[in-house]
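Next come the chains, spelled out residue by residue.
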Amino acid sequence: MAGLTAVVMAALAGCGAQAAAGPEGAAPVAPARTAAPSAVPANEAVRLPSAELQGRWWTWAASEPDETNPVADTDGSACGRNQPHDVWFLAGTFGGQAERTCEVPSGRPIAAPVVNTFGDPENCEAFMGSAQGTVLLDGKVVEPETHKADLIMVQGAEGNPLTGEEGRFTATGCGLWVQLPPLASGTHSLKIRGRSGDFSTGVDYALTVAASSV
């Protein structure tokens, strides 16, 4: 899949051939915990297992062609496309910065890459060797989780810019990620910055969470 060259999150939000690596986005590293009083506490109850998180996110990100793809999105207009019912995914960029406005349903946990990739184990080892990132939620630090060398299943839609073609395949996924518990209703600022090697990505999200109907 020669179309996949650089993706995060991003994750973010930060992100060849079918198994060739492309950033979105070492020895095993346990998920980082918040280390400062100002940090946002983790909520283990809403966290997806690493392989499920990465496989589902890549499938979501590869579910749209370029013109409506959430990774290529310049303003947040593609934020709500093909969202699953149990988590709200946010995307990084194909490199560089973006500012997006996004409405998030009440009670929905949020997951986003800081910087991420998929390929083979060697790709991930090299990628994670220099992966780094920062996340701020309403001005408070959120420590990214480190995920590496997970076997994932990815389903791509025709014409998508991440995998380059339609079809399902397995690969090794890795990256830095954040998983947030459901946010309180109202407006929130989420700033994601990620880097690996000479690839960098960043997104400033203005999130509006709907008021609960209960």
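Preceding this paragraph is the structure being described.
Below: a short report on this structure.

It is a general feature of regular strands that their side chains alternate between the two faces of the sheet. By the criterion of burial, strand β7 (residues 167-180) is predominantly enclosed, with 11 of the 14 residues buried. In this sheet, β7 lies alongside strand β3 (residues 110-119) in antiparallel orientation, the contact comprising nine bridges. Considered in β7, the bridge of G119 is made with T172.

Here the focus is the sheet that holds strand β2 (residues 96-104). The strand order β2-β9-β8-β4-β5 describes an open sheet built from five strands, whose pairing is mixed. On the outer flanks of this sheet lie β2 and β5 (140-141), each paired with one strand and no other. As paired strands, β2 and strand β9 (residues 199-209) are joined by nine bridges and run parallel to one another. Following the sheet pairing, Q97 is matched in β9 by G202.

Counting 47 residues, the largest nonpolar core has W57, L90, C102, I110, L190, Y205 and L207 as its most contacted members. Excluding residues that lie within four positions of it along the chain, L207 makes contacts with L90, C102, V104, I110, L183, G186, T187, H188 and L190.

Moving on, we come to empty space enclosed by the protein. The computed volume of the second largest cavity comes to approximately 30 Å³. Lining the second largest cavity, in full, are W60, P70, D73, C79, F89, L90, A91, R100 and Y205. Grouping the amino acids of the lining of the second largest cavity by side-chain chemistry returns seven nonpolar, no polar and two charged.

Bringing unusual backbone geometry into the picture now. With a phi close to 60°, N82 is a non-glycine residue in the positive phi region. With respect to the secondary-structure elements, N82 resides in the loop between α1 (50-61) and β1 (88-89). One non-glycine residue, A149, adopts positive backbone phi at about 55°. Its place among the elements puts A149 in strand β6 (residues 145-156). Look at A149 and you get partly exposed, because its relative accessible area is 45%.

This part takes up the sheet that holds β1. Backbone hydrogen bonds are what pair the strands of a sheet, in a parallel or an antiparallel way. The strand order across the open sheet formed by four strands is β1-β3-β7-β6, and the pairing between neighbours is mixed. Strand pairing shows two members of the sheet lacking a second neighbour, β1 and β6, which therefore form its edges. Note that β6 and β7 share 10 bridges and pair antiparallel. Bridge pairing links H147 to G175 in β7. Where helix α2 (residues 121-128) meets the sheet, its contacts fall on β3, β6 and β7, and the angle it forms with β7 comes to roughly 20°.

What follows covers the state of the cysteines. Counted under the stated rule, the structure contains two disulfides. Here C79 pairs with C102 through a disulfide, and the sulfurs are 1.7 Å apart. Looking down the S-S bond of the C79 and C102 bridge, the torsion is -55°, so its handedness is left-handed. Placement of C79 in the loop between α1 and β1 and of C102 in strand β2 is noted, with a sequence separation of 23 residues between them. For C79, a relative accessible area of 7% translates into the label buried. Overall, the relative accessible area of 1% leaves C102 in the buried class. Through a disulfide, C124 is tied to C174; the S-S separation comes to 2.2 Å. Taking the sign of the torsion about the S-S bond as the criterion, the disulfide between C124 and C174, at about -95°, is left-handed. Of the two residues, C124 is situated in helix α2 and C174 in strand β7; the sequence distance between them amounts to 50 residues. Assessed through its relative accessible area of 2%, C124 is described here as buried. Described in terms of the sequence order of its bonded cysteines, the disulfide pattern of the chain is 1-2, 3-4.

How each quantity is defined
- Residues numbered from 1 in each chain as written.
- Predicted model: local features only at pLDDT ≥ 70, side-chain atom pairs only at ≥ 80, totals over all residues.
- Heavy atoms only, no water.
- Buried < 20%, exposed > 50% of the residue type's maximum accessible area, 1.4 Å probe, protein only.
- Helix = DSSP H or I, 4+ residues; strand = E, 2+ residues; numbered from the N terminus.
- Pairing = 2+ DSSP bridges.
- Core = buried A, V, L, I, M, F, W, Y, C linked by side-chain atoms within 4.5 Å.
- Contact = heavy atoms within 4.5 Å.
- 1 Å grid on protein atoms, 1.4 Å probe; cavity = no way out; pocket = protein on both sides within 12 Å on 5 of 7 lines; lining within 4 Å.
- Points joined across faces, edges and corners; volume = space filled by probe spheres on them.
- Nonpolar A, V, L, I, M, F, W, Y, C, P; charged D, E, K, R; others polar.
- Axes fitted to C-alpha atoms, helices over the stretch in contact; angles between N-to-C directions.
- Disulfide = S-S within 2.5 Å.

These figures come from the coordinates and say nothing about function on their own.
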